[in-house]
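# A closer look at the structure
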Amino acid sequence: AAGGDLTATLSGTYLTQYDYVPFARAEKVEAAGFVAEDQWIGNPAAFPELRTNLDLNFRLDALTANWNSSFQSETEDIGGSSANADNIAEAVLYHNVQVAYELDKLNVAFGIRNLLDEEPPYLTNYDDMNTIPVSFDTAGRYFYTRVSAKF
């Protein structure tokens, strides 16, 4: 197209139930909306009720640009105590951008992850990071460049 093509994609999930029994004769864990142990990896993870992704893609000839926003709703620490400073992992919204250019058999891309440098939510219970690294961005804003070639 002369002015380029713009596409938008919005996707999301609403988690109403995530129940499991961690071992025989154990009590059922109802994890939806909570930070709880992930039954598959054994580490804590956030199971937010709402997750959404918005992708905006623009293409003009060999140039492409992408803006991605991902949201997850707040979660409560399933094992939280009233003695803790914070038992709620606040909702987070991350923004990522990328620009790429294709030259014959070479593709060059530049991007920024966590564009606005969103801090991971604080939770008292989780070791010296006080957050859930498997569920939240702990690296902060970072830049990257990618070069790929077709032979």
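Each remark here, short or long, concerns the structure printed above.
One structure accompanies this document, and this report is about it. (Residues numbered from 1 in each chain as written. Predicted model: local features only at pLDDT ≥ 70, side-chain atom pairs only at ≥ 80, totals over all residues. Heavy atoms only, no water.)

Quick look at the sheet that holds strand β7 (residues 63-72) now. If you walk across this open sheet you meet the 6 strands as β1-β6-β7-β10-β11-β12, and the pairing is antiparallel. The open sheet has two edge strands, β1 (5-14) and β12 (142-149), and neither has a second partner. Taken pair by pair, the neighbouring strands of this sheet meet at an average axis angle of 15°, ignoring direction. Bridging between strand β10 (residues 92-103) and strand β11 (residues 106-113) involves 7 bridges; their strand directions are antiparallel. Within the sheet, the bridge partner assigned to Glu102 lies in β11 and is Asn107. (Pairing = 2+ DSSP bridges. Helix = DSSP H or I, 4+ residues; strand = E, 2+ residues; numbered from the N terminus. Axes fitted to C-alpha atoms, helices over the stretch in contact; angles between N-to-C directions.)

On the basis of which strands lie adjacent, the open sheet formed by 4 strands has the order β5-β4-β8-β9 and mixed pairing. Strand pairing shows two members of the sheet lacking a second neighbour, β5 (44-46) and β9 (88-89), which therefore form its edges. With 3 bridges connecting them, strand β4 (residues 34-37) and β5 associate as antiparallel partners. Note on β5: the bridge partner recorded for Ala36 is Ala45.

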